[in-house]
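Analysis of the macromolecular model
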Amino acid sequence: MIELQNISVRYQGRNQEVLAVDDVSLSIGKGDIYGIVGASGAGKSSLLRTINLLERPSAGHVLVGGQNITALSGSALRNQRQRIGMIFQHFNLMHTSTVYENAAFALRVAGKTEDEIRARVPEVLELVGLTDKAEAFPSQLSGGQKQRVGIARAIANRPAILLCDEPTSALDLETSTSILELLGEINQRLGITIVLISHEMAVIKKICSRVAVMESGKVVEEGDVFDIFATPAHPFTQQLVDHTLNLELPPRLTKDLHGTLLKIIFLGDRAETPVLSEAAQRFGISVNILHGKIEYINNRALGLLVALLQGNVSEQHTGNLPATLQERMAQAVDYIRLNTAQVEVLHG
Ligand SMILES: Nc1ncnc2c1ncn2[C@@H]1O[C@H](COP(=O)(O)OP(=O)(O)OP(=O)(O)O)[C@@H](O)[C@H]1O
Ligand SMILES: [Mg+2]
């Protein structure tokens, strides 16, 4: 649906040139909800804005539906832009116009007739749940309602693509969730391809199917959101994922740790305790679970456990166990590693 080929975006500052996007290539599938995540200044907005050519790439091509839109200009470019809606962090509404007029804006720009506008605006206001606010002004709305107006305006023209630049960053958690749910619904019901920027992996986890991780103008990692959460490869992605999964232990537990501390990941929602009790039995150790949860990402279960392995040789074992505790620990870790998706030794 959208092919970004070797995109670079350079800005000419007063003293120096900024390379905001550095040779990025991405492929975004039709009907996807595609996330772009990264820290402030990573180049996310610059990259997103090349998709509707609000920002012309300094190098590279943007293909939409197989057509090279970087080659378009004039009315061909305007027509293409109408197929792409956009929403913003701070909503960018017209403050002196009603909700109805804000939603009608893109239709007027596209040269729709009054009859067409009168038919379409109530439809989109209903879709975003603002039917009763048609005559209100933006100042009379909550943040979430303002973003709903932004969404109504962006989809009024029945675009094929919706670009979302930090659409929930100005909203509280609950409102943010309801806006993300609305975007998910729009994607499902209308089949609109969504590209969404966020600096929070938690937002990506809620609705995206794929994600690109950006750092200093480059995409450092790209893939299925579940896979990225299960096995983040790049250190920056690992940091983002760790932060979101929040498996931190209270200091009183990590102080003076004796034993081997493991982070264990398992896929699917099958119980993992049998593997751990089996390891305890076989290798004469004890297993204490310090933290554990199951995250559901795109309806798939990702299980996470933090467990402490310690020496615990009961009398009945001593006869047939290998000599040292160290050896048994290593064998236990290997055994757990074999029987789960991933094991990371955090300590010991
Ligand atoms: N118009 C511009 N002129 C000069 N430099 C710019 C311009 N727009 C962005 N930049 C620079 O390009 C880099 C990338 O900016 P960009 O806005 O794309 O990042 P971002 O990932 O969207 O950040 P944020 O999360 O803060 O929105 C930054 O260093 C920024 O200062
Ligand atoms: Mg930005």
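Counting restarts for each chain: residues are numbered from 1 in the order of the written sequence. Written order determines the labels here, with chains lettered from A and ligands numbered from 1. In keeping with the model being predicted, local features are shown solely for residues with a pLDDT of at least 70 and side-chain atom pairs are shown and tallied solely at 80 or more, while totals for entire chains, interfaces and linings include all residues. In computing side-chain properties, one takes all heavy atoms of the structure into account and sets aside hydrogens as well as water.

**Topic: the overall build of the protein**
A run of H or I in DSSP counts as a helix once it spans at least four residues, and a run of E counts as a strand once it spans at least two, with each numbered from the N terminus. Tallying secondary structure elements over the protein gives 12 helices and 14 strands in all. We compute the radius of gyration from the C-alpha atoms alone; for a globule the expected value is 2.2 Å times N to the 0.38, where N is the number of residues. Whereas a compact globule of 348 residues would reach a radius of gyration of roughly 20 Å, the protein reaches 25 Å, over 25% beyond that. Seen through its principal axes, the protein has C-alpha atoms that stretch 90 × 45 × 35 Å. Evaluated residue by residue, the protein yields a buried proportion of 48% over its 348 residues. A contact between two residues is defined here by any heavy atoms of the two lying within 4.5 Å. Counted over contacts in the protein with a minimum sequence separation of 6, partners at least 24 positions apart contribute 68%. All accessibility values rest on the Shrake-Rupley procedure with a 1.4 Å probe; residue burial counts only the protein chains present in the view. Surface summary for the protein: the accessible area is close to 16,900 Å², and the carbon and sulfur share equals 47%. The sign given to each residue is positive for Lys and Arg and negative for Asp and Glu; His and the chain ends receive no count. By convention, charge coordinates are those of NZ in Lys, CZ in Arg, CG in Asp, or CD in Glu. Seen as two clouds, the 32 positive and the 37 negative side-chain charges of the protein have centres 5 Å apart. Residue exposure (1.4 Å probe, protein chains only): buried if accessible area is under 20% of the type maximum, exposed if over 50%, otherwise partly exposed.

**Regarding the domain arrangement of the protein**
What the domain assignment lists for the protein is domain 1 (2–244) and domain 2 (251–347). Domain start and stop positions are those given by an automatic or database domain assignment. If you average the C-alpha positions of domain 1 and of domain 2, the two centres end up 42 Å apart. Taken together, the contact pairs 11 residues of domain 1 with 10 residues of domain 2. Buried area is understood as the total, over both parts, of accessible area removed when two parts are fitted together, assessed with a 1.4 Å probe. Around 880 Å² of area is buried between domain 1 and domain 2 when both sides are counted, 54% of it from carbon and sulfur atoms. For the domain 1 face of the interface with domain 2, the top three residues by lost area are Lys205, Phe226 and Ala230, together amounting to 63%. Whenever Lys or Arg places a side-chain nitrogen within 4 Å of a carboxyl oxygen from Asp or Glu, that contact is recorded as a salt bridge. Between domain 1 and domain 2 we count 3 salt bridges in total.

**Focus on the pattern of salt bridges**
According to the stated counting rule, one finds 16 salt bridges in the structure shown. The closest approach of N and O atoms between Lys218 and Asp22, which form a salt bridge, is 3.2 Å. On the criterion of sequence distance, the pair formed by Lys218 in strand E10 (residues 218–224) and Asp22 in strand E2 (residues 17–28) is long-range, its members being 196 residues apart. Salt-bridge contacts for Glu123 lead to Arg158; the nearest nitrogen and oxygen are separated by 3.7 Å. Of this pair, Glu123 sits in helix H4 (residues 114–127) while Arg158 sits in the loop between helix H5 (143–155) and strand E7 (161–165), and the two are 35 residues apart along the sequence. Sharing partners across several salt bridges, the network here consists of Glu101, Arg108 and Glu114.

**So, the state of the cysteines**
When the sulfur atoms of two cysteines come within 2.5 Å, that pair is taken as a disulfide. Scanning the model with the defined rule gives 0 disulfides in all. Left unpaired, Cys164 is separated from the closest cysteine sulfur, that of Cys208, by 9.0 Å. The buried category is assigned to Cys164, whose relative accessible area is 0%. We classify Cys208 as buried; its relative accessible area is 0%.

**Overview of the environment of Ser176**
Position of Ser176 among the secondary structure elements: in helix H6 (residues 173–190). On the basis of relative accessible area, Ser176 is assigned to the buried category, the value being 6%. A sequence separation of 60 residues divides Ser176 from Phe236, and the C-alpha atoms of the two residues are 24 Å apart.

**Let's talk about the site of ligand 1**
Around ligand 1, the neighbouring residues are Tyr11, Val18, Ala20, Ala39, Ser40, Gly41, Ala42, Gly43, Lys44, Ser45, Ser46 and Glu166. By the criterion applied in these results, polar contacts are pairs of N or O atoms within 3.5 Å in which, for protein atoms, one can donate a hydrogen and the other can accept it, and in which residues neighboring in sequence qualify only through two side-chain atoms. At a separation of 3.1 Å, an oxygen atom of ligand 1 approaches a polar backbone atom of Ala42. Residue Ser45 places a side-chain N or O atom 2.8 Å away from an oxygen atom belonging to ligand 1. Contributions of two or more residues to the shell around ligand 1 are made by E2 and helix H1 (44–51). A cutoff of 4 Å decides nearness: a residue is near a molecule or strand if any of its heavy atoms lies inside that distance of it.

**Looking at the nonpolar core**
The biggest cluster of nonpolar side chains holds 63 residues, and the ones touching the most others in it are Leu162, Leu183, Leu196 and Met201. Taken together, domain 1 (2–244) and domain 2 (251–347) each give at least three residues to this core, which thus spans both. In contact with Leu162, other than residues within four places in its own chain, are Gly85, Met86, Ile87, Ala154, Ile155, Leu183, Ile192, Thr193, Ile194 and Val195. Judged by nonpolar contacts, the second largest core, of 29 residues, contains Ile2, Leu26, Val64 and Ile161. What is meant by a nonpolar core is a set of buried Ala, Val, Leu, Ile, Met, Phe, Trp, Tyr and Cys residues, joined one to another through side-chain atoms within 4.5 Å.

**Concerning unusual backbone geometry**
Positive phi is not limited to glycine here, since Phe91 has a value of about 70 degrees. Relative to the assigned elements, Phe91 resides in the loop between strand E6 (84–88) and helix H3 (99–109). Residue class for Phe91 comes out buried when judged on its relative accessible area of 10%. Phi at Ser216 is positive, roughly 45 degrees, even though this residue is not glycine. Looking at the secondary structure, you find Ser216 in the loop between strand E9 (210–215) and E10.

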